[in-house]
Amino acid sequence: MVKGELVAVRVTGTSGQPHLSWAEGALLSVPHAWLRERGFLEDLDANGRCAVERALPALIPQEASRVRLWAAYTEKRPIPLRLRPWFRMVPTSLRNYTASRLGRWQRRRIRHWAMFPRWPLDLSADFFADLVTGESSPFSAGPTPVVLTHDIDTLEGLRNLQRWFLSLEESVAACSTSFIVPHRWPIDHGILMDVLDRGHEIGVHGFDHSNRTPFLSGEKQQSRLARASDLIERYEIRGYRSPSLLRTRSLMKSLGRFYEYDSSIPTAGGVFSVQGTGCGSARPFVIEGIAELPVTLPRDASLRFLGYNPTEILRIWKLCAEYISRSGGVIVVLTHCEARFSGNAPMFEAYRRFLDYVADSDHMTFSTPDEVLQKGLGLSERIEREERAQAVPRSGRREKELVAGAV
Ligand SMILES: [Zn+2]
(Lines give C-alpha, C1' and ligand atoms only; values in the text may rest on other atoms or scores of the structure.)
Protein backbone atom coordinates (compact mmCIF):
# COMPACT_ATOMS: atom_id res chain seq x y z
CA MET A 1 0.00 0.00 0.00
CA VAL A 2 1.30 3.51 -0.75
CA LYS A 3 0.50 6.92 0.70
CA GLY A 4 -1.72 5.25 3.26
CA GLU A 5 -4.66 4.62 1.02
CA LEU A 6 -3.51 3.63 -2.43
CA VAL A 7 -2.91 0.00 -3.30
CA ALA A 8 -0.47 -1.12 -5.98
CA VAL A 9 -2.27 -3.47 -8.38
CA ARG A 10 -0.77 -5.39 -11.29
CA VAL A 11 -3.45 -5.68 -13.97
CA THR A 12 -3.16 -9.17 -15.43
CA GLY A 13 -6.20 -9.26 -17.69
CA THR A 14 -9.10 -7.12 -18.90
CA SER A 15 -10.98 -9.44 -21.23
CA GLY A 16 -14.32 -8.29 -19.81
CA GLN A 17 -13.41 -4.64 -20.34
CA PRO A 18 -11.69 -4.06 -23.69
CA HIS A 19 -11.37 -0.31 -23.06
CA LEU A 20 -8.96 -1.15 -20.20
CA SER A 21 -6.74 -3.43 -22.27
CA TRP A 22 -4.01 -0.77 -22.55
CA ALA A 23 -3.29 -1.26 -18.84
CA GLU A 24 -2.60 -5.00 -19.00
CA GLY A 25 0.70 -5.79 -17.35
CA ALA A 26 1.00 -2.34 -15.78
CA LEU A 27 1.55 -1.68 -12.09
CA LEU A 28 -1.05 0.88 -11.05
CA SER A 29 -2.28 2.52 -7.87
CA VAL A 30 -5.96 2.32 -6.92
CA PRO A 31 -7.67 3.63 -3.75
CA HIS A 32 -7.91 0.87 -1.16
CA ALA A 33 -11.33 2.08 -0.03
CA TRP A 34 -12.67 1.86 -3.57
CA LEU A 35 -11.42 -1.70 -3.99
CA ARG A 36 -12.95 -2.69 -0.68
CA GLU A 37 -16.32 -1.01 -1.34
CA ARG A 38 -16.61 -2.59 -4.80
CA GLY A 39 -15.52 -6.05 -3.67
CA PHE A 40 -12.30 -6.03 -5.71
CA LEU A 41 -10.02 -6.84 -2.77
CA GLU A 42 -11.11 -10.47 -3.12
CA ASP A 43 -9.83 -10.47 -6.69
CA LEU A 44 -6.26 -9.57 -5.68
CA ASP A 45 -3.85 -12.46 -5.29
CA ALA A 46 -1.08 -12.50 -2.70
CA ASN A 47 1.19 -10.56 -5.08
CA GLY A 48 -1.36 -7.81 -5.69
CA ARG A 49 -2.25 -9.07 -9.16
CA CYS A 50 -5.77 -8.59 -10.41
CA ALA A 51 -7.71 -9.49 -13.55
CA VAL A 52 -10.55 -7.11 -14.36
CA GLU A 53 -12.70 -9.73 -16.02
CA ARG A 54 -16.05 -9.55 -14.36
CA ALA A 55 -18.72 -6.95 -14.89
CA LEU A 56 -17.89 -3.69 -13.19
CA PRO A 57 -20.15 -2.39 -10.41
CA ALA A 58 -22.25 0.70 -10.98
CA LEU A 59 -20.22 3.33 -12.77
CA ILE A 60 -19.53 6.54 -10.89
CA PRO A 61 -18.09 9.06 -13.39
CA GLN A 62 -17.77 11.80 -10.74
CA GLU A 63 -15.08 9.70 -9.07
CA ALA A 64 -12.82 9.95 -12.14
CA SER A 65 -10.67 12.68 -10.60
CA ARG A 66 -10.09 10.81 -7.32
CA VAL A 67 -6.64 9.43 -8.16
CA ARG A 68 -5.73 12.39 -10.37
CA LEU A 69 -5.93 14.80 -7.43
CA TRP A 70 -4.20 12.48 -4.97
CA ALA A 71 -0.78 14.10 -5.32
CA ALA A 72 -1.48 16.82 -7.87
CA TYR A 73 -0.38 19.80 -5.76
CA THR A 74 2.89 20.83 -4.13
CA GLU A 75 1.39 22.67 -1.17
CA LYS A 76 4.61 22.79 0.86
CA ARG A 77 7.55 24.86 -0.30
CA PRO A 78 10.32 22.33 -1.02
CA ILE A 79 13.36 22.36 1.27
CA PRO A 80 15.98 22.97 -1.49
CA LEU A 81 14.11 26.12 -2.48
CA ARG A 82 13.98 27.32 1.10
CA LEU A 83 17.76 26.90 1.25
CA ARG A 84 18.37 28.57 -2.11
CA PRO A 85 19.61 31.98 -0.80
CA TRP A 86 22.25 30.13 1.25
CA PHE A 87 23.01 27.76 -1.64
CA ARG A 88 23.69 30.69 -3.97
CA MET A 89 26.72 31.62 -1.89
CA VAL A 90 28.35 28.27 -2.74
CA PRO A 91 30.70 28.34 -5.80
CA THR A 92 29.04 27.06 -9.01
CA SER A 93 31.54 24.21 -9.47
CA LEU A 94 30.82 22.91 -5.97
CA ARG A 95 27.08 23.34 -6.50
CA ASN A 96 27.18 21.35 -9.74
CA TYR A 97 29.30 18.63 -8.14
CA THR A 98 26.93 18.36 -5.17
CA ALA A 99 23.86 18.26 -7.44
CA SER A 100 25.44 15.55 -9.57
CA ARG A 101 26.28 13.36 -6.54
CA LEU A 102 22.86 13.97 -5.04
CA GLY A 103 21.13 13.08 -8.30
CA ARG A 104 23.00 9.80 -8.70
CA TRP A 105 22.20 8.91 -5.11
CA GLN A 106 18.49 9.65 -5.73
CA ARG A 107 18.57 7.50 -8.86
CA ARG A 108 19.56 4.49 -6.76
CA ARG A 109 16.62 4.97 -4.41
CA ILE A 110 13.80 5.65 -6.86
CA ARG A 111 11.42 3.24 -5.18
CA HIS A 112 11.67 5.28 -1.98
CA TRP A 113 10.48 8.55 -3.50
CA ALA A 114 8.30 7.37 -6.36
CA MET A 115 5.61 5.21 -4.82
CA PHE A 116 2.95 7.32 -6.48
CA PRO A 117 3.21 8.54 -9.12
CA ARG A 118 5.78 5.96 -10.17
CA TRP A 119 8.80 7.20 -12.06
CA PRO A 120 9.23 7.84 -14.93
CA LEU A 121 5.56 7.41 -15.84
CA ASP A 122 2.40 6.47 -13.97
CA LEU A 123 -1.01 6.37 -15.60
CA SER A 124 -2.99 5.20 -12.57
CA ALA A 125 -5.40 8.14 -12.74
CA ASP A 126 -6.28 7.36 -16.36
CA PHE A 127 -6.82 3.69 -15.56
CA PHE A 128 -9.04 4.62 -12.64
CA ALA A 129 -10.98 7.12 -14.77
CA ASP A 130 -11.60 4.47 -17.43
CA LEU A 131 -12.63 2.03 -14.69
CA VAL A 132 -15.25 4.25 -13.05
CA THR A 133 -16.61 5.89 -16.21
CA GLY A 134 -16.67 2.79 -18.42
CA GLU A 135 -15.43 4.98 -21.28
CA SER A 136 -12.26 5.35 -23.32
CA SER A 137 -10.22 8.50 -23.73
CA PRO A 138 -11.17 10.76 -26.67
CA PHE A 139 -7.58 10.24 -27.87
CA SER A 140 -7.93 6.45 -28.10
CA ALA A 141 -9.01 6.73 -31.71
CA GLY A 142 -6.65 8.40 -34.14
CA PRO A 143 -3.00 9.33 -33.81
CA THR A 144 -1.65 10.40 -30.43
CA PRO A 145 -1.01 14.15 -30.23
CA VAL A 146 2.54 15.25 -29.41
CA VAL A 147 2.89 18.74 -27.94
CA LEU A 148 6.37 20.30 -27.78
CA THR A 149 7.09 22.83 -25.04
CA HIS A 150 10.13 24.70 -23.75
CA ASP A 151 10.74 26.48 -20.48
CA ILE A 152 12.88 29.51 -21.29
CA ASP A 153 14.63 30.38 -18.05
CA THR A 154 17.23 32.81 -19.48
CA LEU A 155 17.97 35.04 -22.46
CA GLU A 156 20.52 32.41 -23.49
CA GLY A 157 17.66 29.91 -23.69
CA LEU A 158 15.59 32.29 -25.83
CA ARG A 159 18.49 32.82 -28.23
CA ASN A 160 19.11 29.06 -28.48
CA LEU A 161 15.41 28.55 -29.17
CA GLN A 162 15.57 30.89 -32.15
CA ARG A 163 18.96 29.69 -33.32
CA TRP A 164 18.44 25.91 -33.21
CA PHE A 165 15.21 24.54 -31.79
CA LEU A 166 12.65 26.31 -34.01
CA SER A 167 14.33 25.29 -37.28
CA LEU A 168 14.54 21.69 -36.12
CA GLU A 169 10.85 21.64 -35.21
CA GLU A 170 9.88 23.31 -38.48
CA SER A 171 11.84 20.65 -40.39
CA VAL A 172 9.31 18.05 -39.16
CA ALA A 173 6.33 20.42 -39.54
CA ALA A 174 5.92 20.88 -35.78
CA CYS A 175 5.17 23.98 -33.70
CA SER A 176 6.27 24.46 -30.11
CA THR A 177 5.15 26.53 -27.15
CA SER A 178 7.83 28.42 -25.24
CA PHE A 179 7.12 29.68 -21.73
CA ILE A 180 9.12 32.81 -20.90
CA VAL A 181 9.82 34.48 -17.55
CA PRO A 182 8.28 38.00 -17.54
CA HIS A 183 10.42 39.66 -14.85
CA ARG A 184 13.83 38.12 -14.57
CA TRP A 185 15.93 38.92 -17.63
CA PRO A 186 15.67 41.51 -20.44
CA ILE A 187 13.12 40.20 -22.92
CA ASP A 188 14.18 40.40 -26.55
CA HIS A 189 10.92 41.34 -28.25
CA GLY A 190 12.45 40.93 -31.69
CA ILE A 191 12.98 37.24 -31.01
CA LEU A 192 9.49 36.82 -29.54
CA MET A 193 7.92 38.40 -32.63
CA ASP A 194 9.97 36.06 -34.82
CA VAL A 195 8.81 33.05 -32.75
CA LEU A 196 5.19 34.13 -33.19
CA ASP A 197 5.55 35.00 -36.89
CA ARG A 198 6.92 31.53 -37.55
CA GLY A 199 3.73 29.99 -36.17
CA HIS A 200 4.93 28.98 -32.71
CA GLU A 201 3.25 29.85 -29.44
CA ILE A 202 4.46 31.83 -26.45
CA GLY A 203 3.39 31.27 -22.86
CA VAL A 204 4.29 32.70 -19.47
CA HIS A 205 6.65 30.99 -17.05
CA GLY A 206 5.91 32.41 -13.60
CA PHE A 207 6.90 35.88 -12.49
CA ASP A 208 10.64 36.09 -11.73
CA HIS A 209 11.37 32.38 -11.32
CA SER A 210 11.95 32.72 -7.60
CA ASN A 211 9.35 30.00 -6.91
CA ARG A 212 7.38 32.19 -4.52
CA THR A 213 4.13 32.88 -6.38
CA PRO A 214 2.34 29.57 -5.61
CA PHE A 215 2.84 30.12 -1.87
CA LEU A 216 1.64 33.72 -1.65
CA SER A 217 -1.89 34.77 -0.74
CA GLY A 218 -4.43 34.71 -3.56
CA GLU A 219 -4.40 38.51 -3.71
CA LYS A 220 -0.63 38.71 -4.07
CA GLN A 221 -0.65 35.92 -6.63
CA GLN A 222 -3.09 37.87 -8.75
CA SER A 223 -1.02 41.02 -8.47
CA ARG A 224 2.00 39.16 -9.78
CA LEU A 225 0.05 37.43 -12.53
CA ALA A 226 -1.44 40.76 -13.60
CA ARG A 227 2.03 42.12 -14.29
CA ALA A 228 2.28 39.86 -17.32
CA SER A 229 -0.89 41.35 -18.85
CA ASP A 230 0.98 43.41 -21.44
CA LEU A 231 2.86 40.31 -22.61
CA ILE A 232 -0.39 38.32 -22.68
CA GLU A 233 -2.03 40.86 -24.96
CA ARG A 234 0.98 41.53 -27.18
CA TYR A 235 1.76 37.87 -27.88
CA GLU A 236 -1.75 36.38 -27.66
CA ILE A 237 -0.66 34.26 -24.74
CA ARG A 238 -3.05 31.58 -23.56
CA GLY A 239 -0.97 29.27 -21.39
CA TYR A 240 0.96 29.35 -18.12
CA ARG A 241 3.66 27.12 -16.68
CA SER A 242 4.87 27.50 -13.13
CA PRO A 243 8.65 27.52 -12.51
CA SER A 244 9.92 24.24 -11.06
CA LEU A 245 6.38 22.95 -11.69
CA LEU A 246 5.35 24.21 -8.25
CA ARG A 247 1.60 24.51 -8.01
CA THR A 248 -0.92 24.96 -5.23
CA ARG A 249 -4.69 24.84 -5.27
CA SER A 250 -4.68 28.57 -4.60
CA LEU A 251 -2.47 29.23 -7.65
CA MET A 252 -4.78 27.19 -9.87
CA LYS A 253 -7.73 29.29 -8.68
CA SER A 254 -5.84 32.49 -9.50
CA LEU A 255 -4.73 31.42 -12.99
CA GLY A 256 -8.20 31.18 -14.53
CA ARG A 257 -8.52 34.96 -14.61
CA PHE A 258 -5.50 35.33 -16.88
CA TYR A 259 -5.01 32.13 -18.84
CA GLU A 260 -6.98 29.60 -20.82
CA TYR A 261 -4.83 26.74 -19.72
CA ASP A 262 -2.10 25.75 -17.30
CA SER A 263 0.65 23.22 -17.94
CA SER A 264 2.38 22.92 -14.57
CA ILE A 265 1.31 19.50 -13.33
CA PRO A 266 3.56 16.61 -14.32
CA THR A 267 2.16 13.15 -14.84
CA ALA A 268 5.00 11.83 -12.67
CA GLY A 269 7.08 14.62 -11.15
CA GLY A 270 10.01 12.49 -10.06
CA VAL A 271 12.39 13.84 -7.50
CA PHE A 272 12.03 17.53 -8.42
CA SER A 273 10.91 19.88 -7.09
CA VAL A 274 8.82 18.02 -4.53
CA GLN A 275 9.42 14.29 -4.40
CA GLY A 276 6.67 11.99 -5.54
CA THR A 277 4.00 14.38 -6.79
CA GLY A 278 2.03 14.45 -10.03
CA CYS A 279 -1.42 13.73 -11.40
CA GLY A 280 -0.86 10.18 -12.75
CA SER A 281 -2.70 11.23 -15.92
CA ALA A 282 -1.60 11.91 -19.48
CA ARG A 283 -4.88 13.53 -20.54
CA PRO A 284 -6.10 17.12 -20.25
CA PHE A 285 -8.62 17.93 -17.55
CA VAL A 286 -10.14 20.91 -15.74
CA ILE A 287 -8.89 21.81 -12.28
CA GLU A 288 -10.18 24.75 -10.22
CA GLY A 289 -11.88 26.14 -13.33
CA ILE A 290 -8.82 26.13 -15.60
CA ALA A 291 -7.86 23.60 -18.26
CA GLU A 292 -4.77 21.59 -17.36
CA LEU A 293 -2.39 20.14 -19.92
CA PRO A 294 -0.13 17.86 -17.86
CA VAL A 295 3.57 17.49 -18.67
CA THR A 296 3.48 13.82 -19.54
CA LEU A 297 7.02 12.81 -20.57
CA PRO A 298 9.75 13.00 -17.92
CA ARG A 299 11.38 16.39 -18.40
CA ASP A 300 14.99 16.94 -19.41
CA ALA A 301 16.05 18.66 -16.16
CA SER A 302 14.85 15.80 -13.96
CA LEU A 303 16.49 13.18 -16.16
CA ARG A 304 19.78 15.07 -16.28
CA PHE A 305 19.73 15.59 -12.51
CA LEU A 306 19.35 11.85 -11.98
CA GLY A 307 22.37 11.24 -14.19
CA TYR A 308 20.74 9.76 -17.30
CA ASN A 309 22.80 10.30 -20.45
CA PRO A 310 21.23 11.49 -23.74
CA THR A 311 21.00 7.95 -25.16
CA GLU A 312 19.16 6.74 -22.07
CA ILE A 313 16.91 9.80 -22.13
CA LEU A 314 15.94 9.14 -25.77
CA ARG A 315 15.11 5.53 -24.90
CA ILE A 316 12.98 6.58 -21.89
CA TRP A 317 11.13 9.17 -23.97
CA LYS A 318 10.31 6.60 -26.66
CA LEU A 319 9.13 3.97 -24.15
CA CYS A 320 6.98 6.49 -22.29
CA ALA A 321 5.57 7.89 -25.54
CA GLU A 322 4.49 4.41 -26.66
CA TYR A 323 2.81 3.66 -23.33
CA ILE A 324 0.99 7.02 -23.38
CA SER A 325 -0.10 6.36 -26.95
CA ARG A 326 -1.55 2.94 -26.05
CA SER A 327 -3.43 4.46 -23.10
CA GLY A 328 -5.18 7.16 -25.15
CA GLY A 329 -3.10 9.97 -23.68
CA VAL A 330 -1.29 13.03 -24.98
CA ILE A 331 2.49 13.28 -25.22
CA VAL A 332 3.67 16.60 -23.78
CA VAL A 333 7.42 17.17 -23.98
CA LEU A 334 9.21 19.72 -21.80
CA THR A 335 12.77 20.69 -22.67
CA HIS A 336 14.89 23.69 -21.71
CA CYS A 337 16.92 25.38 -24.45
CA GLU A 338 19.81 26.38 -22.16
CA ALA A 339 23.15 24.61 -22.75
CA ARG A 340 23.05 23.01 -19.30
CA PHE A 341 19.85 21.15 -20.22
CA SER A 342 18.97 20.41 -23.87
CA GLY A 343 20.85 23.22 -25.64
CA ASN A 344 24.06 21.19 -25.97
CA ALA A 345 25.04 18.94 -28.89
CA PRO A 346 24.39 15.47 -27.35
CA MET A 347 21.02 16.43 -25.81
CA PHE A 348 19.95 18.36 -28.91
CA GLU A 349 20.73 15.25 -30.94
CA ALA A 350 18.55 13.16 -28.60
CA TYR A 351 15.74 15.70 -29.06
CA ARG A 352 16.21 15.65 -32.84
CA ARG A 353 16.01 11.86 -32.90
CA PHE A 354 12.88 11.92 -30.78
CA LEU A 355 11.22 14.35 -33.19
CA ASP A 356 12.23 12.10 -36.11
CA TYR A 357 10.76 9.13 -34.25
CA VAL A 358 7.42 10.93 -33.92
CA ALA A 359 7.52 12.20 -37.51
CA ASP A 360 8.12 8.66 -38.82
CA SER A 361 5.44 7.12 -36.57
CA ASP A 362 2.08 6.07 -37.98
CA HIS A 363 0.34 6.53 -34.62
CA MET A 364 1.67 9.86 -33.35
CA THR A 365 1.26 13.35 -34.75
CA PHE A 366 2.50 16.79 -33.77
CA SER A 367 -0.19 18.97 -32.26
CA THR A 368 -0.74 22.12 -30.18
CA PRO A 369 -2.22 22.82 -26.74
CA ASP A 370 -5.27 24.40 -28.33
CA GLU A 371 -6.04 21.38 -30.55
CA VAL A 372 -5.57 19.00 -27.64
CA LEU A 373 -7.82 20.96 -25.30
CA GLN A 374 -10.53 21.30 -27.92
CA LYS A 375 -10.65 17.56 -28.40
CA GLY A 376 -9.75 16.41 -24.91
CA LEU A 377 -12.09 18.30 -22.67
CA GLY A 378 -15.64 17.11 -22.31
CA LEU A 379 -18.45 19.43 -23.36
CA SER A 380 -19.38 20.21 -19.74
CA GLU A 381 -15.76 21.09 -18.95
CA ARG A 382 -15.54 23.40 -21.95
CA ILE A 383 -18.78 25.15 -20.95
CA GLU A 384 -17.54 25.56 -17.37
CA ARG A 385 -14.28 27.04 -18.60
CA GLU A 386 -16.00 29.41 -21.04
CA GLU A 387 -18.54 30.58 -18.47
CA ARG A 388 -15.72 31.36 -16.11
CA ALA A 389 -13.84 33.25 -18.80
CA GLN A 390 -16.93 35.35 -19.59
CA ALA A 391 -17.57 36.07 -15.92
CA VAL A 392 -13.98 37.24 -15.45
CA PRO A 393 -12.46 38.85 -18.56
CA ARG A 394 -8.87 37.70 -18.96
CA SER A 395 -7.34 40.96 -20.06
CA GLY A 396 -7.87 44.66 -19.82
CA ARG A 397 -8.75 47.01 -17.03
CA ARG A 398 -9.29 44.46 -14.27
CA GLU A 399 -5.76 43.17 -14.58
CA LYS A 400 -4.31 46.66 -14.82
CA GLU A 401 -6.16 47.57 -11.62
CA LEU A 402 -4.57 44.59 -9.94
CA VAL A 403 -1.11 45.79 -10.89
CA ALA A 404 -1.62 48.63 -8.42
CA GLY A 405 -1.91 46.07 -5.61
CA ALA A 406 0.95 44.82 -3.47
CA VAL A 407 3.39 42.38 -5.05
ZN1 LIG B 1 12.06 27.30 -15.35
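Residues numbered from 1 in each chain as written. Predicted model: local features only at pLDDT ≥ 70, side-chain atom pairs only at ≥ 80, totals over all residues. Heavy atoms only, no water.

(A) Representation of the coordination of the zinc ion. Taken together, the protein ligands of the zinc ion are D153 (OD), H205 (NE2) and H209 (NE2), with distances of 2.1 to 2.2 Å. One chain supplies every donor for the zinc ion, spaced along it as D-x51-H-x3-H. The pair H205 / H209 is uniform in exposure class, with both members buried. (Donors = N, O, S within 2.8 Å, 3.2 Å for Na, K, Ca; no water. Buried < 20%, exposed > 50% of the residue type's maximum accessible area, 1.4 Å probe, protein only.)

(B) Quick look at helix α14 (residues 345-360). Helix length check: α14 (16 residues) gives 22 Å between terminal C-alpha atoms against 22 Å at 1.5 Å per residue, within 8%. All of the buried residues along α14 are M347, F348, A350, Y351, F354, L355 and V358. Relative to the axis of α14, the buried residues are bounded by an arc of 155° and lie together on one face. Away from its buried face, by an angle of more than 90 degrees, α14 presents the exposed residues A345 and D360. In this structure, the buried side of α14 is in contact with β4 (144-152), α7 (155-171), α12 (300-305), α13 (310-327), β11 (331-336) and β12 (364-366). Two to three positions downstream of the cap, the backbone nitrogen of M347 sits 3.0 Å from a side-chain oxygen, assigning the N-cap of α14 to N344. (Helix = DSSP H or I, 4+ residues; strand = E, 2+ residues; numbered from the N terminus. Expected span 1.5 Å × (residues − 1). Arc of directions from axis to C-beta. Contact = heavy atoms within 4.5 Å. Polar contact = N/O pair within 3.5 Å; in protein donor to acceptor, adjacent residues only side chain to side chain.)

(C) Looking closely at the pattern of salt bridges. Considering all chains together, one arrives at 13 salt bridges under this definition. Across the pair R283 and D126 runs a salt bridge, and its minimum N-O distance is 3.8 Å. With R283 in the loop between β8 (261-262) and β9 (285-287) and D126 in helix α6 (residues 124-133), this pair connects stretches of sequence that are 157 residues apart. Here the two residues R283 and D126 agree in accessibility, since each one is buried. In the salt-bridge network here, residues are joined through shared partners; they are E37, R38, E63 and R66. (Salt bridge = Lys/Arg side-chain N within 4 Å of Asp/Glu carboxyl O.)

(D) Summary view of the pairing of strand β6 (residues 201-204). Here β6 shows two buried faces, one formed by E201 and G203 and the other by I202 and V204. Of the pairings in the sheet, the one linking strand β5 (residues 176-180) to β6 comprises four bridges and is parallel in character. Looking across to β6, one finds that F179 is bridged to G203. Regarding the hand of the β-α-β motif, the stretch spanning β5, helix α8 (residues 189-197) and β6 is right-handed. (Pairing = 2+ DSSP bridges. Right-handed = clockwise from strand over helix to strand, strands pointing away.)

(E) Seen up close, the pairing of β4. When you tally the buried positions in β4, you get nine out of nine residues, the bulk of the element. A two-sided burial pattern is seen for β4, the buried positions comprising T144, V146, L148, H150 and I152 on one face and P145, V147, T149 and D151 on the other. Both β4 and β12 contribute to a ladder of three bridges, which runs parallel. Across the sheet, residue V146 finds its bridge partner in β12, namely F366. Here six bridges tie β4 to β11, and the two strands are oriented parallel to one another. Paired with V146 across the strands is I331, a residue of β11. With five bridges joining them, β4 and β5 adopt parallel strand pairing.

Shape is all these values report; function is a separate question.
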